[in-house]
Structure formats: C-alpha cells, structure tokens
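These are the residues of each chain, in order.
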Amino acid sequence: MRCFIFSKVFLSLLLCFGSTIAVGQYHNVWAFGLRAGIDFNVNPPQPFEAASGSMTGEAGASVCDEYGRLLFYTEGDRVYDRNHQVMPTGRNVSNNGSTASSAQGALIVPMPGNPDKYYLFSMKSWESGRASVGTLVYCIVDMTRNNGLGSVVDGPIQLDSFLTEHMTSVPGENCDVWLVVVNRKKNSFKAYNISEKGIDTLPVVSPGLITKELFSDDEMIGHIAFSPDGKKLAIMQDRALLYQFDANTGNISHPITLYVLPAELRGMDALYGVCFSPDNSKLYYSIRRGDEEGLYQYDLSSGDSATIINSKRRISEHSVMGMQRAPDGKIYCASGHESRHALSVIHYPNLSGAACKFVYGDFPLYPGTESVFGVPNILSYAGKNDEPKISSNPVNVCFQPSISLSPSMDDSRNLQWSTGDTGRVITVQYSGTYWVQYKRSCYIYTDTFHVDIFNPKVETKPACFNQGTGAAYVTFDFPVDDDYRAYWMNAEGDTISLKDSLDHLPAGNYTVHIFSEKSCDKIIHFSIGILDYRLAFSPVDSVICAGDTVQFRNQSHNYYTSFQWQLDTGTVTTATNPVHVFDRPGVYAIMLAGVGERCRDTAYGTITADVPWSSLYFEADKKEICRGESILFIPDITEDSTLLSFLWETGDGNIISSDDKMIRHAYDTDGRFPVSLTARFRACPDINSTDTISVHPVPLINLGTDSVICLNSAPITIQNLNPEEDGDSYLWSTGAITKSIQATHHDEYWLRVNNPFGCMAEEHIKISKDCDIDIPNAFTPNDDGVNDYFIPKQLLAEGVTRFYMQVFNRLGQKVFETANTKGRGWDGKFNGKEQPGGVYIYIIEAVFSNGREERYVGNVTLIR
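Rules behind the numbers
Residues numbered from 1 in each chain as written. Predicted model: local features only at pLDDT ≥ 70, side-chain atom pairs only at ≥ 80, totals over all residues. Heavy atoms only, no water. Helix = DSSP H or I, 4+ residues; strand = E, 2+ residues; numbered from the N terminus. Buried < 20%, exposed > 50% of the residue type's maximum accessible area, 1.4 Å probe, protein only. Contact = heavy atoms within 4.5 Å. Areas by Shrake-Rupley, 256 points an atom, 1.4 Å probe, with all protein chains shown as cover. Polar contact = N/O pair within 3.5 Å; in protein donor to acceptor, adjacent residues only side chain to side chain. Pairing = 2+ DSSP bridges. Axes fitted to C-alpha atoms, helices over the stretch in contact; angles between N-to-C directions. Disulfide = S-S within 2.5 Å. Salt bridge = Lys/Arg side-chain N within 4 Å of Asp/Glu carboxyl O. pLDDT = per-residue confidence, 0-100. Phe/Tyr/Trp six-rings, centres within 6.5 Å; stacked < 30°, edge-to-face > 60°. Lys NZ or Arg CZ within 6 Å of the ring centre and 35° of its normal.

## Quick word on the overall build of the chain
Logical step 1: Looking only at helices and strands, one finds two helices and 76 strands in the chain.
Logical step 2: Counting every position in the chain, which comprises 864 residues, the buried fraction comes to 49%.
Logical step 3: A separation of at least 24 residues holds for 55% of the contacts in the chain among residues at least 6 apart in sequence.
Logical step 4: Accessible area for the chain stands at about 40,400 Å²; split by element, carbon and sulfur atoms hold 48% of it.

Right, dumping it as structure tokens:
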C-alpha cells in the first residue's frame with residue numbers, strides 16, 4: 001500500500017548548565033565487578049573489559065569528565081586511570097581494609113569548587129573483622145597530576161568507624177553534597193556535609209528505626225539509595241525502609257517499613273539492592289530467599305504510607321543484587337552468582353507493573369568479565385545529581401494539538417523561556433526548538449526542547465439520504481514527516497479500507513486506527529452525517545373518482561434544481577407542480593425524480609381512480625304492513641370495494657347509517673311513508689333511490705277491567721267497549737265470533753279482532769272466583785297480638801254458611817278442631833300445653849250460601 005506522511009510530537013530534552021560548561025556526562029562509563037565495564041556514550045551501550053585483576057564482585061565506583069570520557073575507577077582500595085593502570089600512590093588507599101567486598105565500599109564525590117579534584121571514600125567490609133568493619137576513610141585524587149591521568153595526593157584519612165556497609169551521597173541545596181552512612185552501634189544515620197570549605201567532620205545525626213546496641217551481620221549489609229530529586233531515601237537491612245530527606249539540613253525522617261524479612265530467611269544478601277525510578281515515582285528492591293523471592297515495585301506517587309505499602313507488586317520471580325539507574329534511563333541489575341556474566345535490565349522503570357519490562361540477564365557483559373553482586377555507586381556533584389533529571393532518550397508524545405513544557409528540576413527558579421515567558425509551564429502549539437534557562441542551587445541550567453507538533457484529524461463529507469455518497473479522509477494541522485497507516489472500520493469493527501481516505505460511504509458510525517512509523521497510534525471515532533434532502537409531493541397514495549383532475553404539489557427540499565414526473569403510462573412532465581386528469585379507473589404509479597448538486601432522490605406514490613356509479617335501487621320484503629310491524633329493505637347493488645356505507649331515511653323521522661347491505665325497520669304510526677337510500681362511495685359522488693310504503697292501523701280492543709264471579713252466580717257479559725269498525729271480524733277464546741260473550745265461571749278470556757287490511761289485535765280479561773277462603777301458612781302464638789291464632793277468620797267470604805277445621809301433628813294426632821266461624825282458632829296448644837314449633841297438617845271443610853261445598857287440605861308452620 002502507499003504510505004502517507006504524518007508527524008508525531010517528538011520531544012528531545014538536553015540539559016546544559018553554565019555558559020562555558022558542556023553537557024554533563026559524568027556517569028557515562030561504568031567499571032565494576034570482576035573487570036566488567038559498560039560504555040553508555042554509544043547507542044546501544046557497549047560492554048568492555050576493565051583492568052586485568054581489577055575490582056571485585058561487589059564495591060565499585062567510576063567517574064567521567066563532562067564529555068563522558070572515563071577519568072578513573074576504583075573498588076575502594078586501588079585506583080585505576082582511564083588507561084586501566086593503577087595510579088601512582090593508588091594502592092592501599094583504604095589503609096589495609098577489605099573494601100572490595102563491601103556492599104557500597106567505594107564512593108567518588110567531585111570536590112565542590114575544584115573541578116580537578118575528587119574525594120574517594122572507602123568503607124571497610126564485614127570481612128575485615130568486627131574491629132575494623134565499618135571504618136570509613138577517604139583520600140583525594142588530583143587529575144592534574146601524572147600528565148592528566150591523575151594521582152592520589154592525600155590520604156587515607158579516617159572519617160568515622162563502627163558503621164555498616166551502607167554508603168551513598170546526594171546533592172545538597174547550597175552547592176554542597178551530603179555523604180550518608182549508618183552507625184551500627186547507635187542505630188542512626190549520619191549525614192556529612194561536603195562543600196567548598198571541605199568535609200564537615202561533625203555529621204547531622206538522624207535516628208534510625210531499629211533500636212538495639214549492635215547490628216547483626218545481615219543488618220550491616222545492603223544498599224542505601226536516594227531518589228533522583230533527593231527527597232527520599234531507601235535502605236536495605238533485614239527490612240526495607242523508606243524515609244524522607246531534607247537536602248537543606250541533612251535530616252532524615254518519617255520512616256515507612258515496607259517489608260520485614262522473616263527471621264528464618266535472614267542472611268547477608270537476603271535484602272541487598274534498592275533503586276528509585278528516574279521520575280521518582282517507583283521504588284524497586286529484591287528478596288532473595290523463600291517463597292517471596294523476586295523483584296518488587298512500589299508506587300510512591302500518592303505520598304500516603306498505607307497506599308505506598310499496599311501498592312507492592314511482584315515484577316518477577318527472579319531476584320537481583322545491586323541496582324543502579326543508567327544514563328539511558330534504564331535500571332541495570334547485578335544478578336549474583338546465578339547470572340554473573342550478564343546484567344538484568346528494567347527497561348521502562350517509570351511504568352507500573354509488567355509495563356516496566358524487566359528482562360532477566362538481558363545485557364551480556366564482555367566475555368570473561370563478571371558482575372556478581374555489584375554495580376557502580378552513585379556519583380553526586382555539588383548542585384546536581386550525577387545523571388540528568390530527565391531521560392536522555394526522546395520522549396514521544398503522539399497525536400496532540402499542543403504540549404506543555406516545564407523545566408526538568410522541581411526547585412528551579414528565575415526562569416526565562418525563549419518565548420519571553422517567565423512562568424514554570426508554557427504550552428506550545430507549533431513545532432520548533434524551545435529552551436528555558438533557570439537557576440538551581442549554585443548553577444544556571446538550560447533545558448532545550450526540540451518539538452515537532454501535529455494532530456491528525458478526520459474530515460468528513462455527509463452522505464445523501466439513502467445513498468453511499470459520504471467521504472472521510474485524514475488531515476493534519478501542519479506538514480508531516482512520518483509514514484503512517486490508516487485502518488478504517490465500520491460500526492461492526494470490520495476493516496473496510498487501508499487507504500488514507502474513504503468514499504462511497506453511507507451515513508453511519510465509523511472508526512479509523514492510525515499507526516505511525518514511529519510507534520504512535522490513535523483511534524478516532526467519527527460519523528458520516530446525512531444530507532437529508534428529501535423529495536416529497538402531495539397528494540400521495542390518494543383515491544379519486546375517474547375523470548377527476550389532480551393538482552400535484554411539489555413539496556421537495558429546495559436543494560433540488562430539476563424535476564421529472566411520471567404520472568401514468570406514457571405521461572412524463574418536467575413541470576414543478578403538474579396538473580393531470582385520470583379519466584380511466586385504475587391504480588396509477590406516480591414517480592417524482594429530482595437532481596441537485598451532489599444528491600439525487602426519487603419519491604413514489606399512487607393515485608387510485610374509482611369507477612363512478614350512476615344508478616341505485618332497493619327492494620322491500622313488503623309494500624304494506626300493519627303498525628308495529630317491521631319491514632326489510634334490501635339495496636340492489638353489486639359488490640363494490642369503493643362503497644363506504646348506506647344512508648337510509650325511513651320517512652318517519654329516522655335516519656340510519658349502515659355498513660350492512662340491508663336493514664329492518666318497524667313503524668309505530670300508520671300512513672304512507674317515502675323511503676330514501678343514499679349510497680356513499682370512497683371517492684365518487686353519492687347516488688340516491690326512493691320508494692313509498694303503506695302502514696295500516698291495527699284494531700282497538702277494550703274488554704274492561706278484570707272481574708270476579710261466584711260459582712252458580714249470574715253470568716258476566718264481556719264485549720269490546722271500543723266502537724266497531726267496518727269490516728272488523730271477531731274471534732273469542734271460547735270459539736265464538738259474536739260481538740260479545742257470557743262468562744259463567746272464573747277463567748282468562750281473550751278477543752282477537754282482524755280488520756280488512758289483515759291487521760289483528762288481541763285483548764285478555766281475567767274473571768276470578770269470589771267465594772274461596774284464604775288460608776295463612778304460618779302463625780306465631782307469642783301473645784304479641786299479631787298472628788297469635790291459626791284460622792282463616794279474617795279472610796272468610798261472607799257466603800260461607802258452615803265451617804269445620806281440624807289440625808294434626810306429624811304423628812297424625814289431632815291437636816285441634818273447631819266449627820265456629822267466629823272463634824279465634826288454634827292457639828298452638830294441645831290439652832293446655834304448648835306444642836313445639838314445626839309443620840302441622842290442616843283439613844278445612846266449608847259450605848257456601850249457593851250450596852257449593854269445598855274441602856281444603858294443607859300445612860301450616862307453628863313458629864316459636
């Protein structure tokens with residue numbers, strides 16, 4: 001594929017100090033271990049062989065000039081020049097002490113105010129015996145001697161005793177250096193101040209953490225290290241401890257116990273090396289015994305003790321010994337006897353966890369040389385550390401529209417930027433070279449920034465509605481100088497192109513992943529919008545009646561500049577709002593096509609032309625009916641999908657709308673009624689049909705009110721009390737067809753009258769008997785004056801001439817009898833005793849005044 005050029009933010013920082021002093025490279029050549037050496041002046045660093053027979057496997061220190069050229073190196077007892085020869089008077093500078101096997105037995109400190117002289121400190125090791133272990137002596141190396149190869153001119157001079165093997169230095173705040181050691185009897189730190197005045201032999205004493213009279217062997221051995229900013233100190237004894245350091249006063253305080261080695265695992269090398277990351281945010285140390293063996297990392301960025309302790313992460317199961325930051329920004333680690341011919345490397349020590357990339361045995365040493373335990377001790381200049389506060393490698397910041405620049409040292413002051421700004425931070429948006437000059441301690445520093453800024457973007461063109469006319473392409477704010485690849489993906493994550501641009505895209509969501517040649521990458525999510533330019537017209541999907549004229553209204557977006565209509569087969573027009581007559585029934589497909597600058601669209605619709613109806617008829621199942629009867633009206637019309645409903649007007653004031661094809665209607669008045677039917681259609685005009693029906697009256701009958709009759713009494717005449725109409729015919733329930741009948745007994749009688757139109761009416765009358773008695777079915781003999789006795793006394797008809805009543809219980813025993821029609825009846829007692837509540841049987845015989853006899857048998861309930 002073709003590669004397209006882009007740029008990434010490329011930041012290269014160079015630290016300079018003084019107007020005549022070049023870039024400091026004082027730690028660029030290491031000499032350590034058994035003849036081992038590394039030259040960091042080249043990339044990648046190269047191993048070399050130091051002086052034959054020089055050094056040991058533990059203590060070591062070396063120093064370069066400001067150009068990174070080796071000056072001399074030592075294991076604390078012998079001093080070798082850059083030609084790998086022992087300097088004159090460079091033997092036994094430790095005064096017969098075993099320093100080579102001391103953890104930090106050698107330390108070089110450039111003499112403040114005298115760039116040609118160096119203090120060389122030697123610490124006697126545990127192997128020297130308890131009487132001599134921890135004796136600290138120093139001498140002075142003068143590089144003006146021996147034709148610039150240097151010579152030891154003063155010493156050895158004893159500075160202290162009864163110390164552990166821990167020894168390091170750190171720049172102070174006043175053009176000075178602090179030499180820090182540990183008193184093994186009083187459990188305290190001692191900080192000796194070294195300035196242009198010399199070495200102050202009265203140290204600043206800070207209490208330690210372990211309270212005991214004398215350190216054990218495993219507590220005497222290990223490393224002590226400062227963070228690059230000089231604010232923190234870490235020490236390895238039988239535990240890992242972290243402190244705060246005041247570079248102005250030399251005080252050490254605020255201890256944090258990171259780890260305590262179990263007693264059963266303690267030994268002289270169980271906890272040994274320790275090192276801070278270049279950006280001060282991480283701390284590394286190693287445990288060399290037990291189940292916890294390995295390399296560990298702590299995150300110091302929170303500043304909170306509990307958070308720091310809980311941030312412990314195991315980076316590797318491999319353990320290491322001495323550790324030291326190198327000029328290339330990495331941490332190099334001696335691995336002990338297990339991997340003495342190579343150093344292990346933490347490649348990105350500023351990163352958390354596995355991202356720091358620890359590789360065991362990653363840097364092979366020169367053949368025949370070994371590291372064993374040691375790496376060179378730290379080198380501290382008055383006013384600055386031996387290594388830059390920032391990485392000497394480029395810092396890649398990709399795909400940002402701007403970057404903030406700040407000086408490399410936190411305590412810088414009197415800042416002056418090349419832009420004219422004087423603040424601590426500036427933000428730049430353009431490529432170029434920027435510098436800031438500032439003062440720190442006793443030196444003037446200049447940080448230089450080479451910046452190449454750009455930010456890739458995605459520009460898009462929207463797609464026309466429902467069309468793949470969108471586009472997207474990568475753009476940059478400034479010219480670019482780096483090849484890149486673009487992976488375009490749709491919303492489902494499928495790769496759709498590897499080009500620098502996309503076209504023929506429909507609207508939607510997309511992603512582009514940009515990879516640069518210099519390992520920058522960026523994911524950009526973007527959307528292709530819609531040019532929602534729609535075509536529209538009215539009427540659309542409408543119904544008309546064949547022969548109607550339709551006026552079309554073009555309601556399209558004003559984006560479109562030309563149109564074409566297709567109204568029916570063979571009818572095409574470019575009018576904006578055409579008029580057309582659809583003179584034949586049918587369904588017509590309407591199409592409107594429009595064209596604009598980029599987009600085109602088509603809109604569709606239909607016009608349905610219905611068949612018009614010219615005639616309508618309806619029939620009735622009867623032409624004449626009697627009042628109260630119903631008539632069925634049936635329209636005479638074929639099946640038609642365009643018919644919506646019928647509207648009936650029945651002539652008697654009723655209007656009925658119906659979807660059914662027939663209705664039934666009853667008339668409650670007589671006369672002649674015009675009936676009208678209107679058929680309503682979907683689009684075509686209504687049509688109408690009318691007819692007339694006759695409604696005849698029904699006969700009127702009035703037989704009077706219901707009556708009563710006693711048996712064998714005079715008959716009752718029943719007749720129609722309404723006037724007789726001509727042509728009426730009579731029929732009685734008795735079968736008689738006369739105008740009247742005689743009722744001689746009780747019954748229900750009816751009369752039917754038919755008139756000449758066939759209309760019929762019927763009336764009923766009820767004749768009841770008047771000579772029966774009414775017998776109660778219950779009584780309550782409780783002396784409350786209501787229903788205390790059982791007898792039909794109050795309901796006896798006046799025609800009863802003789803009366804006899806008997807009452808029996810359920811066993812058939814007679815409990816009461818009477819023939820007195822004037823008596824009170826049964827009081828619910830038998831032989832003077834109250835009978836229980838329940839059902840009793842009665843027999844009543846009566847003779848009426850006309851001689852008719854009646855007998856009644858039934859039951860009555862006695863209620864208590």
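## Concerning the side chain of Ser676
Logical step 1: Positionally, Ser676 belongs in strand β62 (residues 671–681).
Logical step 2: Looking at Ser676, its side chain comes within polar contact range of the side chain of Asn688, at 3.0 Å.
Logical step 3: Setting aside residues no more than four positions away along its own chain, Ser676 makes contact with Leu647, Trp648, Glu649, Asn688, Ser689 and Thr690.

## Quick word on the sheet that holds strand β76 (residues 853–862)
Logical step 1: With respect to topology, five strands assemble into an open sheet ordered β70-β76-β75-β71-β72, the strand pairing being mixed. If you trace the sheet from one side to the other, it starts and ends with β70 (778–779) and β72 (814–818), each paired once.
Logical step 2: Here strand β71 (residues 800–808) pairs with β72 via four bridges, running antiparallel. Across the sheet, the residue bridging to Met805 is Thr818, located in β72.

## Regarding the sheet that holds strand β61 (residues 663–666)
Logical step 1: Spatially, the three strands line up as an open sheet ordered β56-β58-β61, and their pairing is antiparallel. This sheet does not close on itself; its edge strands, each paired only once, are β56 (617–620) and β61. Taken pair by pair, the neighbouring strands of this sheet meet at an average axis angle of 30°, ignoring direction.
Logical step 2: Pairing analysis gives four bridges linking β56 to strand β58 (residues 630–636), with the strands arranged antiparallel. Bridge assignment links Tyr617 to a residue of β58, and that residue is Asp636.

## Section: the state of the cysteines
Logical step 1: With the rule as written, the count across this model stands at three disulfides.
Logical step 2: Two residues, Cys545 and Cys684, share a disulfide whose sulfurs are 2.0 Å apart. Looking along the S-S bond of the Cys545-Cys684 disulfide, the torsion reads about 95°, which is the right-handed sense. With Cys545 in strand β48 (residues 542–545) and Cys684 in the loop between β62 and β63 (687–696), the pair connects residues that are 139 residues apart, well separated along the chain. An identical accessibility class is assigned to Cys545 and Cys684; each is buried.

## Some words on the pairing of strand β10 (residues 117–123)
Logical step 1: Judged by how many residues are buried, β10 sits mostly within the fold: six of seven residues are covered.
Logical step 2: Here five bridges tie strand β9 (residues 106–110) to β10, and the two strands are oriented antiparallel to one another. Considered in β10, the bridge of Ala106 is made with Ser122.
Logical step 3: Hairpin connection from β9 to β10: six residues lie between these consecutive antiparallel strands, with Gly113 at a positive phi of about 85°.
Logical step 4: As paired strands, β10 and strand β11 (residues 136–142) are joined by seven bridges and run antiparallel to one another. Bridge pairing in β11 places Lys117 opposite Asp142.

## Regarding the pattern of salt bridges
If the charged atoms of two oppositely charged side chains come close together, the side chains can form a pair.
Logical step 1: Summed over the entire model, instances satisfying the criterion amount to 18 salt bridges.
Logical step 2: The shortest N-O distance in the salt bridge between Arg534 and Asp532 comes to 2.4 Å.
Logical step 3: The class for Arg534 is partly exposed, based on a relative accessible area of 39%.
Logical step 4: Close ionic contact of Lys814 with Glu817 constitutes a salt bridge, the shortest N to O distance being 3.1 Å.
Logical step 5: Given the relative accessible area of 42%, Glu817 is considered partly exposed.

## So, the environment of Gly374
Logical step 1: If you trace the backbone, Gly374 turns up in the loop between β29 (358–364) and β30 (380–381).
Logical step 2: The spacing of Gly374 and Gly57 is 317 residues in sequence and 5.7 Å in space, taken between C-alpha atoms.
Logical step 3: Leaving out residues up to four positions away in the same chain, Gly374 has contacts with Phe32, Gly57, Glu58 and Ala334.

## Re unusual backbone geometry
Logical step 1: Look at the link from Asn43 to Pro44: it is a cis peptide, with omega at 5°.
Logical step 2: For Pro44, the position within the fold is in the loop between β4 (36–39) and β5 (46–49).
Logical step 3: Between Ser538 and Pro539 the backbone carries a cis peptide bond, its omega angle lying at -5°.
Logical step 4: Unusually for a residue other than glycine, Asn146 sits at a positive phi of about 55°.
Logical step 5: Taking relative accessible area as the criterion, Asn146 reaches 33% and is therefore assigned partly exposed.
Logical step 6: Although it is not a glycine, Phe162 adopts a positive phi angle of roughly 55°.

## Regarding the confidence of the model for the chain
Detailed conclusions should not be drawn from predicted coordinates in areas where pLDDT is low.
Logical step 1: For the chain, per-residue confidence averages 84 on the pLDDT scale, and residues scoring 70 or more make up 88% of the total.
Logical step 2: Segment residues 1–24 is flagged for pLDDT under 50; beyond a separation of four residues in sequence, or across chains, it makes 101 contacts in the model.
Logical step 3: A low-confidence stretch, residues 384–396 stays under pLDDT 50, and its non-local contacts, those more than four residues away or across chains, total 38 contacts.

## Topic: the packing of aromatic side chains
Logical step 1: With the rule as written, the count across this model stands at 35 aromatic pairs.
Logical step 2: Measuring from ring centre to ring centre gives 5.3 Å for Tyr73 and Tyr80, while their planes differ by 15°; the resulting arrangement is stacked.
Logical step 3: An angle of 20° between the planes, with centres 5.9 Å apart, marks the rings of Tyr510 and Phe526 as stacked. Pair noted here: Tyr510 is in strand β44 (residues 508–516) and Phe526 is in strand β45 (residues 521–528), with a separation of 16 residues, a long-range link.
Logical step 4: Put simply, the rings of Trp30, Phe32, Phe40, Tyr332 and Phe363 touch in pairs and so form one group of aromatic residues.
Logical step 5: One Lys or Arg, Lys312, reaches over the ring of Tyr296 and ends 4.6 Å from the middle of that ring.
Logical step 6: In this arrangement the basic side chain of Arg534 is found over the ring face of Phe465, its NZ or CZ atom lying 3.4 Å from the centre.

## A few points about the environment of Cys275
Logical step 1: Topologically, Cys275 is positioned in strand β22 (residues 271–276).
Logical step 2: A residue is classified by how much of its surface remains accessible, and Cys275, at 2% relative accessible area, is buried.
Logical step 3: Between the alpha carbons of Cys275 and His223 there is a distance of 8.9 Å; along the sequence they are 52 residues apart.
Logical step 4: In this structure Cys275 touches Lys282, Leu283, Tyr284, Met323, Gln324, Arg325 and Ile331, once residues within four positions along its chain are discounted.

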